[in-house]
2 protein chains.
Amino acid sequence: MKTSIIGYYTTRFGEIWEKSLSELIEEAITGALKNTGIDKKQIDAVFFSNMLAGVLGNNLHTPSKIAEIIGLNIPIFRLEAACASGGIAFHLASNYLQARSAKTVLVVGAEKMTDYSPEETTSALMAAASGEEQAAGLTFPGLYAIIANYYLQKYGYTEENLAYVGVKNHFHGSLNDKAHFRNIVTVNQVLKSACIAAPLKVLDSSPISDGAAAVILTSDKNMIKKMKYKADVLSTKTASDVISLSKREDLDTLLATKIAAEQAFKETQLARKNINVAELHDCFSIAEILAMEDLGFWKKGEGGTRIKEFSTQFGSGSSLIVNTSGGLKAAGHPVGATGIKQIGELFLQLTGQADKRQVKKARYGLAHNVGGSGGTAVVTILGI
Amino acid sequence: MKTSIIGYYTTRFGEIWEKSLSELIEEAITGALKNTGIDKKQIDAVFFSNMLAGVLGNNLHTPSKIAEIIGLNIPIFRLEAACASGGIAFHLASNYLQARSAKTVLVVGAEKMTDYSPEETTSALMAAASGEEQAAGLTFPGLYAIIANYYLQKYGYTEENLAYVGVKNHFHGSLNDKAHFRNIVTVNQVLKSACIAAPLKVLDSSPISDGAAAVILTSDKNMIKKMKYKADVLSTKTASDVISLSKREDLDTLLATKIAAEQAFKETQLARKNINVAELHDCFSIAEILAMEDLGFWKKGEGGTRIKEFSTQFGSGSSLIVNTSGGLKAAGHPVGATGIKQIGELFLQLTGQADKRQVKKARYGLAHNVGGSGGTAVVTILGI
C-alpha cells in the first residue's frame with residue numbers, strides 16, 4: 001500500500017531556553033498541520049519520539065501530554081531507542097498505516113537538552129550504552145573515539161581525514177536557517193578545535209541541542225492526490241546489534257546499519273547510485289564515514305580518502321549529496337527529533353522546497369538513523 | 001489476518017533483589033520460548049515495554065541490550081506509556097504482524113522497582129502525571145483518592161464499598177503461585193490497613209513490584225496449526241486522554257477506557273456478556289470499579305453495590321470473573337510487565353492452563369491496561 005509524506009515542520013535547532021518540551025512539541029505539531037493544510041481532526045494517531053525527558057526532567061507518559069496539546073483522544077505512542085528514536089517512531093508509524101489501523105498519522109520527535117548541565121546531559125546520554133561501558137566511565141565521544149582510532153590505524157589514515165566531515169556539514173548548515181550552527185569551518189579549524197576524546201575534536205562532534213520536528217504521513221489516496229508536496233515511503237527497515245563494543249565482531253562496521261540497508265535496497269530494488277540525497281547519522285565525523293561504507297555507497301576502508309574529494313558536498317555536482325541539512329554536526333542533534341528531521345529534510349529536497357541548498361533533480365532520498373554506538377539502526381528510503 | 005498468542009511466561013512478581021532488569025528480561029524470554037517450544041531464530045521482532053529503567057537506573061535504549069540477550073539482529077522496539085506500556089507494546093506488535101513486517105513476534109515487559117527507596121520510586125512514577133500535578137506534590141494514590149472521593153460522594157458510597165476489590169483480588173492471588181501477595185484478606189483488614197491517601201488504604205493499593213512477562217504472537221498459519229495452546233487476538237484498541245485531572249470533564253469516567261472499549265467491542269461484535277474472564281487495571285480499588293463501569297460491564301454508579309456481591313470472584317459461578325491473576329493488587333504491579341501479564345493470564349485461562357484458578361468454559365477474555373490516571377488506555381480482546 002502506498003504511503004506518502006505530505007507535510008513537514010521543524011523548529012529551529014539550538015539552545016532554545018525560552019520553550020519547554022511541550023511548547024517545542026506544540027510548535028512542531030502546529031507547524032506540520034499548517035504546512036500540510038489539514039485539520040488536526042484528520043490525524044488518526046500520533047507517534048512521538050523522545051529519549052531523555054524521563055531521565056533529565058522526570059517527564060514520562062508523553063502520549064497523555066500530547067493528548068492535552070492536540071485535544072484529541074486518538075492513539076498516541078512514545079518510542080525510545082536512544083538517538084534512533086525518531087527513525088523508529090517513523091518506522092512504526094509507517095507500519096501502523098500498512099496495518100490499516102490509521103490513514104493519516106503525525107510523527108513528532110522532540111528533545112530538550114540544554115536546560116541541564118553538560119555533565120547531567122552527558123551522563124543521561126550514556127543510558128544508551130551498556131552497563132559495563134557506563135561503569136567504566138566511558139562517554140559517547142569516548143566510544144566513537146575507540147571506533148575512530150581503530151579505523152584510522154587499520155586503513156592508515158589520520159585525524160585530518162575525519163575533519164572533512166565537519167567542514168562539509170558546517171557548509172551545509174550555513175545554508176539552513178533552522179540549523180544550530182551556521183558558521184563555515186576549515187580543515188585547519190577542525191584540527192585545532194578542542195580535543196574531546198582523541199582523535200575526535202569538538203568540530204568532529206555533534207552538539208547538544210533542543211528542538212522538535214514533525215512529519216505527516218498518509219495512505220489516504222484522496223488526500224495524497226490533493227497535495228502539492230508529497231514524497232512516497234519506499235522502504236523503512238530497522239535492525240539491532242549488541243550494544244557493547246567489546247562484544248562486536250568488527251569495530252569498523254555497524255552491523256545493524258548494514259542489515260537494515262540491505263533490506264531497504266532489496267525492497268525498493270534501487271541501486272546505491274539511484275540515491276540523490278542522504279541524511280546520515282553523523283553524531284561524530286567517523287560515524288558518517290562508516291555509514292557511507294556500511295550503507296554501500298563507498299567500499300569498506302576507502303571512506304577516509306573519499307571524504308576528502310568533497311563529492312558529497314552541495315554544489316559538487318555529484319549524484320549523491322550527503323547531509324544537506326547540516327547533519328547532526330551542524331543542524332544540531334536534539335536526539336528525539338533527529339530521525340524526524342532527517343526524513344523531513346529528504347521531503348524538502350524531493351519536493352523542491354530546500355531553498356538555498358536544493359539539490360537539482362533529487363528523486364530518491366535515504367535517511368540513516370543510529371541509536372547509541374550502533375545498537376539500533378533505521379534506514380528509510382523515500383522517492384517521488 | 002488472524003494472529004494468535006501461542007506462548008506465555010511470567011517470572012514471579014515481587015521483591016526480586018537477586019535479579020537485574022536484564023536477568024528478569026532474559027528469564028521471561030527464555031521461559032516464553034521454552035513454553036511455546038520454538039527456537040529464538042523463529043522470532044522476527046521483539047516489542048519491549050518498560051517505564052522506569054531510565055529514570056531510576058539511567059538505563060535506556062533497551063532494544064540493543066535485548067539484542068545482546070537474544071543474540072539476534074532483528075528489529076527490537078521499546079514502548080513507554082507509564083503503566084500502560086505493556087498493553088501498548090502488545091498493540092503495536094499486533095499491528096506489526098498485520099502490516100506483514102513480521103510473522104512471529106515476542107512481546108516482553110519488565111520492571112525493576114524495589115531496588116530503590118520508596119520515595120525514589122514514588123517520585124519516578126509521578127513522571128506519568130502532569131507537570132502541574134507533580135509541582136503540587138500529588139502522588140498517584142493522591143490522584144486516585146481524588147477520583148475515589150468524588151465517586152463515593154456522588155453515588156452515596158463509603159470506603160467499605162471499595163474494600164471488596166482488595167478482598168477479591170487477594171483471594172485470587174492466593175491461587176496464583178507467581179503473585180506478589182498470596183494472603184487472603186477480609187473487608188475489616190482492608191478498612192483497618194494503613195491509610196495512604198484517604199479514602200485509599202494500603203490494601204486498596206497495588207504494590208511496588210519487580211517482574212517480567214512475555215508472550216509470543218504469530219500470524220504464521222502453520223505454526224498456529226501445530227500449537228496445542230493458542231488464543232486469537234480479536235481486537236486491540238487504544239485511546240488517550242488529557243492527563244491532568246483538572247482538565248477532565250468527568251472525574252468518575254476514564255474516557256480513554258470508554259473509547260477503546262467501544263472500538264474493541266464494535267470490532268469483535270461481541271456483547272459484554274460474552275466476556276468470561278477479564279484482567280482489569282486495578283492499580284487502586286476505585287480503578288477496578290470505574291473500569292467495570294467504563295468498559296460497560298456495569299452501569300455507571302452501580303459499581304459500589306455490585307462489587308459487594310462478589311459476582312466477579314472465582315468460584316461465584318457467574319459468567320464474568322475479574323482479575324483471576326490477583327490483578328495489580330495481589331499479583332503485583334511491575335509497571336512495564338503488567339500489561340503483558342494481563343494478556344498472558346487470559347491466554348492461560350482460555351487455553352485451560354490456569355491451574356487452581358481455572359475458570360470453566362472460558363472462551364473470551366478482555367485485558368484493560370491504563371497509563372497514569374487515565375491518560376492512556378488499551379483494551380485487548382482474545383478468544384478461542
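Attention in this report is confined to the structure presented alongside it. (Residues numbered from 1 in each chain as written. Chains lettered and ligands numbered in written order. Predicted model: local features only at pLDDT ≥ 70, side-chain atom pairs only at ≥ 80, totals over all residues.)

### Considerations on the overall build of chain A
Here is step 1 of the chain: When you go through chain A residue by residue, the secondary structure sums to 15 helices and 12 strands.
Here is step 2 of the chain: In summary, chain A has a C-alpha radius of gyration of 19 Å against a globular reference of 21 Å for 384 residues, a match within 12%.
Here is step 3 of the chain: With respect to the three principal axes, the spread of C-alpha positions in chain A is 55 × 45 × 40 Å.
Here is step 4 of the chain: In chain A, which comprises 384 residues, the share counted as buried stands at 64%.
Here is step 5 of the chain: Within chain A, contacts between residues separated by at least 24 positions form 79% of all contacts whose residues are at least 6 apart in sequence. (Helix = DSSP H or I, 4+ residues; strand = E, 2+ residues; numbered from the N terminus. Rg over C-alpha atoms; globule rule 2.2 N^0.38 Å. Buried ≥ 20, exposed ≤ 12 C-beta atoms within 10 Å, placed from the backbone. Contact = placed C-beta atoms within 7 Å.)

### Remarks on the packing of helix 4 (residues 85-98) of chain B against helix 15 (residues 335-350) of chain B
Residue and element names in this part refer to chain B.
Here is step 1 of the chain: Where helix 4 meets helix 15, the axes come as close as 6 Å, and the angle between the chain directions of the two elements is 60°. With respect to their mutual orientation, helix 4 and helix 15 come out oblique. Contact residues: Ser85, Gly86, Gly87 and Phe90 in helix 4; Val335, Gly336, Ala337, Thr338, Gly339, Ile340 and Ile343 in helix 15.
Here is step 2 of the chain: By residue class, the composition of the contact of helix 4 with helix 15 is five nonpolar, six polar and no charged. (Axes fitted to C-alpha atoms, helices over the stretch in contact; angles between N-to-C directions. Parallel < 35°, antiparallel > 145°, perpendicular 65-115°, else oblique. Nonpolar A, V, L, I, M, F, W, Y, C, P; charged D, E, K, R; others polar.)

### Topic: the environment of His333(B)
Residues and elements named next belong to chain B.
Here is step 1 of the chain: Note that His333 resides in the loop between helix 14 (327-331) and helix 15.
Here is step 2 of the chain: Judged by C-beta crowding, with 25 C-beta atoms within 10 Å, His333 ranks as buried.
Here is step 3 of the chain: Spatially, the C-alpha atom of His333 lies 34 Å from that of Lys221, the residues being 112 residues apart in sequence.
Here is step 4 of the chain: For His333, the contacting residues outside a window of four places in its chain are Ser206, Pro207, Ser209, Cys283, Leu328 and Thr338.

### Concerning the environment of Leu200(B)
Residues and elements named next belong to chain B.
Here is step 1 of the chain: Here Leu200 lies in strand 6 (residues 200-201).
Here is step 2 of the chain: On the neighbour-count criterion, Leu200 (24 C-beta atoms within 10 Å) is buried.
Here is step 3 of the chain: In contact with Leu200, other than residues within four places in its own chain, are Pro141, Tyr144, Ala145, Ala148, Ser205 and Phe284.

### Here's the deal with the relation of the copies chain A and chain B
Here is step 1 of the chain: Of the two same-sequence chains, chain A is brought onto chain B (RMSD 0.0 Å, axial shift 0.0 Å) by a rotation of 180°. A rotation of that kind, with that shift, is consistent with a two-fold axis.
Here is step 2 of the chain: Most of the interface of chain A is mirrored in chain B, where 100% of its interface residues are also at the interface. (Least-squares fit on C-alpha atoms with pLDDT ≥ 70 in both.)

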